[in-house]
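# A closer look at the structure
These are the residues of each chain, in order.
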Amino acid sequence: PKLVVLFQCYRVGTGCPQPQMNAAERNEYVAGVASIISELNVSGISVLQILDLPAVSPEQVSPSLLLNNPRVPIQRGAAQTNAEVARLLGVIAQSSNGRYQIDEITTGLCAADTCRYVDDKNKPLWLDSDHLSPFGVVDRTESLRSAIEKALAQAAKLPTSAGS
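Residues numbered from 1 in each chain as written. Predicted model: local features only at pLDDT ≥ 70, side-chain atom pairs only at ≥ 80, totals over all residues. Heavy atoms only, no water.

## Focus on the side chain of Asp103
Worth spelling out the cut-off: Secondary structure elements follow DSSP: runs of H or I no shorter than four residues count as helices, runs of E no shorter than two count as strands, and numbering proceeds from the N terminus. Note on exposure labels: buried denotes an accessible area under 20% of the residue type's maximum, exposed denotes more than 50%, and partly exposed covers the range between, all computed with a 1.4 Å probe on protein chains only. For this count, His and the chain ends are skipped, Lys and Arg are scored as positive, and Asp and Glu as negative. Throughout this description, the term salt bridge denotes a Lys or Arg side-chain nitrogen within 4 Å of a carboxyl oxygen of Asp or Glu. By definition in these notes, contact holds between two residues if any of their heavy atoms fall within 4.5 Å.
You can see Asp103 is positioned in strand β4 (residues 100–103). It turns out Asp103 is buried and unbridged, and the closest side chain with the opposite charge, Lys150, is 4.3 Å from it. Apart from the residues within four sequence positions on either side, Asp103 is in contact with Leu48, Gln49, Ile50, Leu51, Ala147 and Lys150.

## Here's the deal with helix α4 (residues 134–157)
For clarity, the threshold we go by: One less than the number of residues in a helix, times 1.5 Å, gives the span that helix is expected to have. Two axes enter the bend calculation: one fitted to the seven residues ending at the residue in question, the other to the seven starting there, and the bend is the angle between them.
A rise of 1.5 Å per residue sets the reference length of α4, with its 24 residues, at 34 Å; its end C-alpha atoms lie 34 Å apart and thus fit the reference within 8%. Of all the bends in α4, the largest measures some 40 degrees and sits at Arg140. All of the buried residues in α4 are Gly136, Arg140, Ala147, Ala151 and Ala155.

## Points about the state of the cysteines
Put simply, the rule is: Disulfides are defined in this document as cysteine sulfur pairs within 2.5 Å.
Evaluation of the coordinates by the stated rule reveals one disulfide. Here Cys110 connects covalently by a disulfide to Cys115, the sulfurs 2.0 Å from one another. When the S-S torsion is 105 degrees, as for the bridge of Cys110 with Cys115, the disulfide is right-handed. Summarising the burial analysis for this pair, Cys110 and Cys115 share the class buried.

## Some thoughts on the nonpolar core
How we decide: Remark: nonpolar core denotes a set of buried residues (Ala, Val, Leu, Ile, Met, Phe, Trp, Tyr, Cys) joined through side-chain atoms within 4.5 Å.
Counting residues in hydrophobic clusters, the biggest one holds 16 residues, and the most contacted among them are Val30, Leu89 and Tyr100. Listing elements by their share of this core, those giving two or more residues are α1 (23–42) and α3 (78–94). Excluding residues within four positions of it along the chain, Val30 makes contact with Val85, Leu88, Leu89 and Ile92. Core analysis: the second largest hydrophobic core is formed by 13 residues, Val72, Ala78, Cys110 and Cys115 among them.

## Quick look at the packing of α1 against α3
Under the convention used in this document: Note on definitions: angles span 0 to 180 degrees between N-to-C directions of axes, and those axes are lines fitted to C-alpha atoms, for helices only across the stretch in contact. Working rule for handedness: look at the near helix, and if it is turned counterclockwise from the far one by less than a right angle, call the crossing left-handed; if clockwise, right-handed.
Where α1 contacts α3, the two axes come as close as 10 Å, and the packing angle between them is 35 degrees. The handedness of the crossing between α1 and α3 is right-handed. Of the residues in α3, those touching α1 at Arg26, Asn27, Tyr29, Val30, Val33, Ala34 and Ile37 are Thr81, Glu84, Val85, Leu88, Leu89 and Ile92.

## Focus: unusual backbone geometry
One non-glycine residue, Asn97, lies in the positive phi region at around 55 degrees. Inspection of the secondary structure assignment puts Asn97 in the loop between α3 and β4. Exposure remark for Asn97: the relative accessible area of 68% places this residue in the exposed category. One non-glycine residue with positive phi stands out, namely Asn122, at about 65 degrees. Tracing the sequence through the fold places Asn122 in the loop between β5 (114–116) and α4. A relative accessible area of 44% means that Asn122 is categorised as partly exposed.

These values are about where atoms sit, not about what they do.
In structure tokens form, the structure reads like this:
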């Protein structure tokens, strides 16, 4: 393959980035990701990593409040953890000669400290605090498709192996 798509929340080192992760745990996670990226890149395979959706706290919002405000708060610490992990992965991306790209699919879904919990037709976008519902997946499909197409176009421009 020319491209592998990784989703941030997969088992590497300590697992998925968590709001409670300390710096050592974040560094262990990023080191695990860097190792996988390096192995793939050396084999001439580019990597697109989709950054994780932040965990939301729907339990903090009453059903009546959701009728008036379709947004729920992001779990305390999640935005900061995701931003720090993204920053560390960004350093890897900058030194990858275009073989490692990062994208996020939350534009239009989440803001700095809240995420939409329902769509315009009041269908739930979240299954639980950190997994999208089938409606949420459909809502994010175009963003994901666009990110993959962009990464495939970039991969097609690169030599077939990192050494050539």
